[in-house]
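Each chain, letter by letter, is given below.
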Amino acid sequence: RDRYQRRVRGKPEPDFSKVQLCLPALAKLLSYTDEEILTDSCWALSYLSDGSNNKIQAVIDTGVVPRIAQLLGHTAVSVVTPSLRTIGNIVTGDDSQTQHVISSGALRYLTSLLKNNKRAIQKETCWLISNITAGTPAQIQAVIDSGVMPQIISLLEEGHLDVKREAAWALSNATCAGTIEQIHFLVSLGALKPICNLLESSDSRIINVLLDALDNILKSGRSWATARSVANKGIEENNPYCEMVEELEGLDKTRITPNTSSRRDL
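To keep things clear, this report deals only with the structure shown in the data block.

The rules behind each value
- Residues numbered from 1 in each chain as written.
- Predicted model: local features only at pLDDT ≥ 70, side-chain atom pairs only at ≥ 80, totals over all residues.
- Heavy atoms only, no water.
- Helix = DSSP H or I, 4+ residues; strand = E, 2+ residues; numbered from the N terminus.
- Buried < 20%, exposed > 50% of the residue type's maximum accessible area, 1.4 Å probe, protein only.
- Contact = heavy atoms within 4.5 Å.
- Areas by Shrake-Rupley, 256 points an atom, 1.4 Å probe, with all protein chains shown as cover.
- Salt bridge = Lys/Arg side-chain N within 4 Å of Asp/Glu carboxyl O.
- Axes fitted to C-alpha atoms, helices over the stretch in contact; angles between N-to-C directions.
- Parallel < 35°, antiparallel > 145°, perpendicular 65-115°, else oblique.
- Nonpolar A, V, L, I, M, F, W, Y, C, P; charged D, E, K, R; others polar.
- Phe/Tyr/Trp six-rings, centres within 6.5 Å; stacked < 30°, edge-to-face > 60°.
- Polar contact = N/O pair within 3.5 Å; in protein donor to acceptor, adjacent residues only side chain to side chain.
- Arc of directions from axis to C-beta.
- Patch = residues over 30% accessible without salt bridge, like charges linked within 9 Å, V, L, I, M, F, W, Y side chains within 5 Å.
- Lys, Arg positive; Asp, Glu negative; His and termini not counted.
- Charge placed at Lys NZ, Arg CZ, Asp CG, Glu CD.

All right, on to the overall build of the chain then. Each helix and strand in the chain was counted, giving 17 helices and zero strands. Here the chain, with 266 residues, has 51% of them falling under the buried criterion. Taking contacts inside the chain between residues at least 6 apart in sequence as the whole, the part at least 24 apart equals 71%. Just so you have it, the chain exposes about 12,900 Å², and 48% of that area is on carbon and sulfur atoms.

Following this line, the structure appears as structure tokens:
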């Protein structure tokens, strides 16, 4: 396996126009059930999909995404790990490439992966989700509908720090492009508590990401209050989230944060 992986990964990076010729063979190998073959094939695909959108599209065009998505539910961690990385690489692409993953049924496996006892799998799953929630409101809704957000919030509260960072991105990105209704749903799940608690973290990166999330939530609450005021013919409505944040002492912990990019490589 090591020899084959080096051949694909190569330093310096090999000419992709030549390496991609092995994609049809890799796609065929995914039809096997042998654990070692699946593991090696998925690692190769993870390396080939790690890069530009053109590389990602070349992998998508082989038709392997539904099979790789299916392998997220494999019983062997050795197969799940490279499958997760490959799907994660694909959703770093554009919205149409991300949609291809959603349409493949990959999201149904994510809740169980978030509950996996291996921290690396939790982290990569949060990273994958964060790149989907960096997409369109419809894609954010697909994530919500898959049922993963309660576990994301749980990991933000109780996960290891490196897992919390990725969970913070998943939540923050959802508040950035999400609708008022979607943000309200996240708040109803209890998202504000871990956000406010982690503003006292010693990790500046997670603080900045969560400050963005908090700002987005408060702006959404203000938009909701304004719309309600108009609907009620000028009767003033309060931002429903301000009082919640105040009760959590969140406003005392805030500070100005720099802009952050939403879709990221791991």
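Past the structure itself, the notes keep going.
For the coordinates displayed, the defined rule picks out five salt bridges. Note that D203 and R165 form a salt bridge whose closest N and O atoms lie 2.6 Å from each other. Remark: R165 occurs in helix 13 (residues 161-177) and D203 occurs in the loop between helix 15 (192-198) and helix 16 (204-231); sequence separation between them is 38 residues. Exposure remark for D203: the relative accessible area of 8% places this residue in the buried category. Under the relative-accessibility criterion, R165 is labelled partly exposed at 22%.

The next subject is the packing of helix 16 against helix 17 (residues 240-247). Each pair of packed helices can be described by the angle between their axes along with the distance between the axes. The geometry of helix 16 relative to helix 17 is characterised by a closest axis approach of 7 Å and an angle of 140° between their N-to-C directions. Here helix 17 runs oblique to helix 16, going by the angle between their axes. Contacts between helix 16 and helix 17 pair L214, I217, L218, S220, G221 and W224 from the former with P240, Y241, C242 and V245 from the latter. Across the contact of helix 16 with helix 17, the residue classes break down as eight nonpolar, two polar and no charged.

Moving on to the packing of aromatic side chains. With the rule as written, the count across this model stands at one aromatic pair. With a centroid separation of 5.9 Å and an interplanar angle of 20°, the aromatic rings of W43 and Y47 are classed as stacked. Of this pair, W43 and Y47 both sit in helix 4 (residues 35-48), four residues apart, which is roughly one turn of the helix. Comparing W43 with Y47, the two get one shared label, buried.

Right, let's get into the environment of L186. As for its position among the elements, L186 is in helix 14 (residues 180-188). Residue L186 is classed as buried on the basis of its relative accessible area of 2%. Not counting the four nearest positions on each side in its chain, L186 is found in contact with M149, I153, L171, A174, T175 and A191.

The residue Q139 is located in helix 11 (residues 137-146) in this model. Within the local environment of Q139, its side chain forms a polar contact with the backbone oxygen of D95, the two atoms lying 2.9 Å apart. Looking at Q139, its side chain comes within polar contact range of the side chain of Q99, at 3.3 Å.

Within the secondary structure, V65 is located in helix 6 (residues 65-71). In this structure, the C-alpha to C-alpha distance between V65 and V101, residues 36 residues apart in sequence, is 6.7 Å. When near neighbours in sequence (up to four residues on either side) are disregarded, V65 contacts I60, I87, I90, H100, V101 and S104.

Taken as a whole, helix 14 has its buried residues at Q182, I183, L186 and V187. Buried positions in helix 14, seen along its axis, are confined to an arc of 140° and lie on one side of it. Across from the buried face of helix 14, at angles greater than 90 degrees, the exposed residues are E181 and S188. Downstream of helix 14 by a residue or two, G190 has a phi angle that is positive, lying close to 100°.

On the surface, E243, E246, E247, E249 and D252 cluster together to form a negatively charged patch. If you trace the backbone, D252 turns up in the segment after helix 17.

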